[in-house]
Amino acid sequence: RVQLLQELKGKPTKTKEGQEVHLYANIGRPSDLDAVEANDAEGIGLFRSEFLYLESEDFPTEESQFQAYKEVAQRMGGKPVIIRTLDIGADKQVGYFGLEHEANPALGYRAIRICLTRPEVFKVQLRAILRASAFGNISIMLPMITSTKEVDQARAIIDQVMEELRGRGEDFKEDIQVGIMVETPASVVMAPELARKVDFFSIGTNDLTQYTLACDRQNPNLGQFADPHSPAVLRMIRMAVDAAHQAGIWCGICGELGADRDLTATFLDYGLDELSVSPASVLPVREAIRAR
Ligand code: PEP
Ligand code: MG
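Rules of the game
- Residues numbered from 1 in each chain as written.
- Chains lettered and ligands numbered in written order.
- Predicted model: local features only at pLDDT ≥ 70, side-chain atom pairs only at ≥ 80, totals over all residues.
- Heavy atoms only, no water.
- Donors = N, O, S within 2.8 Å, 3.2 Å for Na, K, Ca; no water.
- Helix = DSSP H or I, 4+ residues; strand = E, 2+ residues; numbered from the N terminus.
- Buried < 20%, exposed > 50% of the residue type's maximum accessible area, 1.4 Å probe, protein only.
- 1 Å grid on protein atoms, 1.4 Å probe; cavity = no way out; pocket = protein on both sides within 12 Å on 5 of 7 lines; lining within 4 Å.
- Points joined across faces, edges and corners; volume = space filled by probe spheres on them.
- Nonpolar A, V, L, I, M, F, W, Y, C, P; charged D, E, K, R; others polar.
- Axes fitted to C-alpha atoms, helices over the stretch in contact; angles between N-to-C directions.
- Left-handed = near helix turned anticlockwise from the far one by under 90°.
- Contact = heavy atoms within 4.5 Å.
- Salt bridge = Lys/Arg side-chain N within 4 Å of Asp/Glu carboxyl O.
- pLDDT = per-residue confidence, 0-100.
- Core = buried A, V, L, I, M, F, W, Y, C linked by side-chain atoms within 4.5 Å.

J.: So, the coordination of the magnesium ion (ligand 2): which residues are in play, and what are the values?
T.: Summarising the metal site, the magnesium ion (ligand 2) is bound by the protein donors E183 (OE) and D207 (OD), whose distances to it range over 2.0 to 2.1 Å. With E183 in the loop between β5 (178-182) and α8 (185-189) and D207 in helix α10 (residues 205-213), this residue pair connects regions lying 24 residues apart in the sequence. No difference in accessibility class separates E183 from D207, as the two residues are buried.

Written out as structure tokens, the structure is:
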């Protein structure tokens, strides 16, 4: 079996009928790149940037973030690297943010909500990502979006940062792609409007399952009720893909469900353009797609 999977390295991720899917990997830190290379992922579909903040005693500097993003971009060569902007919240202990204790952290002050209300923190990360974009094929991905207003606000801040970098004479990718995670029911409902404002969608099925089914993803006692195979979750996925394609943008999945081989055929039927999975799942998912 291991031998069979190894033989899939370098082979296209394509069905027998020729339907192609981009098969990327999720990473949480630059050291995960060894596993990405060993498993022949075609890009990074989700670079969770939280580690920089969680492993630091104070706000990570622009320089330290720049070095981490640049390292990943360079090691991936020209392959896509989708960096998700900060997604911490009250459930993650980052003392220096001074976040208040919350009864419902999943519904709380987290991710894009922190970034939009504390633009001075967000801008440091954006400067680092944009500067790193001169060294590879980087895109920006915004988490926890629920409205077009949030996208407009984030884009306005990105534009300001670009202007500052031009002023500083720094290089960056002027046409950098900006996408969103589709991981709230509101973003699915608003998907037709959101799709006109961004370059891609990536579905976060971990949070989308939690919010759609009203099941805390941290609660181990919910069993059958927290079922990501629920028709409600699958219909949400389908709605997001359809809205993306209507607007002419691509749509992928970067939540755990993307690696669920029992759903690979369903995702192919829905027309998903990309699946981003843990490095260890890349070859098994390639096998499932090629077997179709
Ligand atoms: C998700 O919610 O599906 C996702 C990919 O993001 P995270 O697991 O980091 O919340
Ligand atoms: Mg999420």
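J.: Break down the layout of surface pockets for me, with residues and values.
T.: One number sums up the size of the largest pocket: a volume of about 520 Å³. The wall of the largest pocket is formed by 31 residues, among which A106, R110, D207, Q210 and R217 lie closest to the centre. At the level of elements, β2 (44-48), α3 (50-54) and α10 are the ones that each hand at least two residues to the lining of the largest pocket. Broken down by element, the residue count for the lining of the largest pocket peaks at five residues, all from α10. Here the residues of the lining of the largest pocket sort into 12 nonpolar, eight polar and 11 charged.

J.: Mind laying out the packing of helix α4 (residues 62-75) against helix α6 (residues 119-132), listing which residues take part and the relevant values?
T.: Across the interface, α4 lies against α6 with an axial gap of 8 Å and an inter-helix angle of 35°. Between α4 and α6 lies a crossing whose hand is right-handed. Seen from α4, the contacting residues are E62, E63, Q65, F66, Y69, K70 and A73; seen from α6, they are V124, Q125, R127, A128, I129, R131 and A132. Of the residues that constitute the contact of α4 with α6, the class distribution is seven nonpolar, two polar and five charged.

J.: Report on the pattern of salt bridges, specifying residues and quantitative values.
T.: This structure, assessed with the given rule, holds 26 salt bridges. R29 serves as the salt-bridge partner of E55, at 2.3 Å between the closest nitrogen and oxygen. With E55 in the loop between α3 and α4 and R29 in the loop between β1 (22-27) and α2 (33-38), this pair connects stretches of sequence that are 26 residues apart. The closest approach of N and O atoms between E170 and R168, which form a salt bridge, is 3.1 Å. The exposure class assigned to E170 is partly exposed, which follows from its relative accessible area of 26%. Note on R168: relative accessible area 42%, which makes it partly exposed. One continuous salt-bridge network, built from bridges that share partners, spans E62, E63, K123, R127, R131, E164, R168 and E170.

J.: Account for the confidence of the model for the chain, naming residues and giving values.
T.: The predicted model of the chain averages 97 in pLDDT, with 100% of residues at 70 or higher. Considering each helix and strand of the chain separately, the mean pLDDT is smallest for helix α1 (residues 2-6), with a value of 91, and largest for strand β6 (residues 200-203), with 99. As scored by the predictor, the complex reaches a pTM of 0.97 and an ipTM of 0.99.

J.: Which residues make up the nonpolar core, and what are the values?
T.: The biggest cluster of nonpolar side chains holds 85 residues, and the ones touching the most others in it are F201, I203 and I237. It is helix α11 (residues 231-246) that contributes the most residues to this core, eight residues altogether. Excluding its chain neighbours within four sequence positions, the residues that come into contact with I203 are V182, L208, I237, A240, V241, C251, G252, I253, C254, G255 and L272. Ranked by size, the runner-up nonpolar core spans six residues in total, among them L46, M141, M181 and F200.

J.: So what about unusual backbone geometry? Which residues, and what values?
T.: Of note, D40 is a non-glycine position whose phi angle comes to about 60°, a positive value. Mapped onto the elements, D40 comes out in the loop between α2 and β2. A positive phi angle is found at A111, which is not glycine, with a value near 50°. Here A111 lies in the loop between β3 (80-84) and α5 (112-117). For A111, a relative accessible area of 0% corresponds to the buried category.

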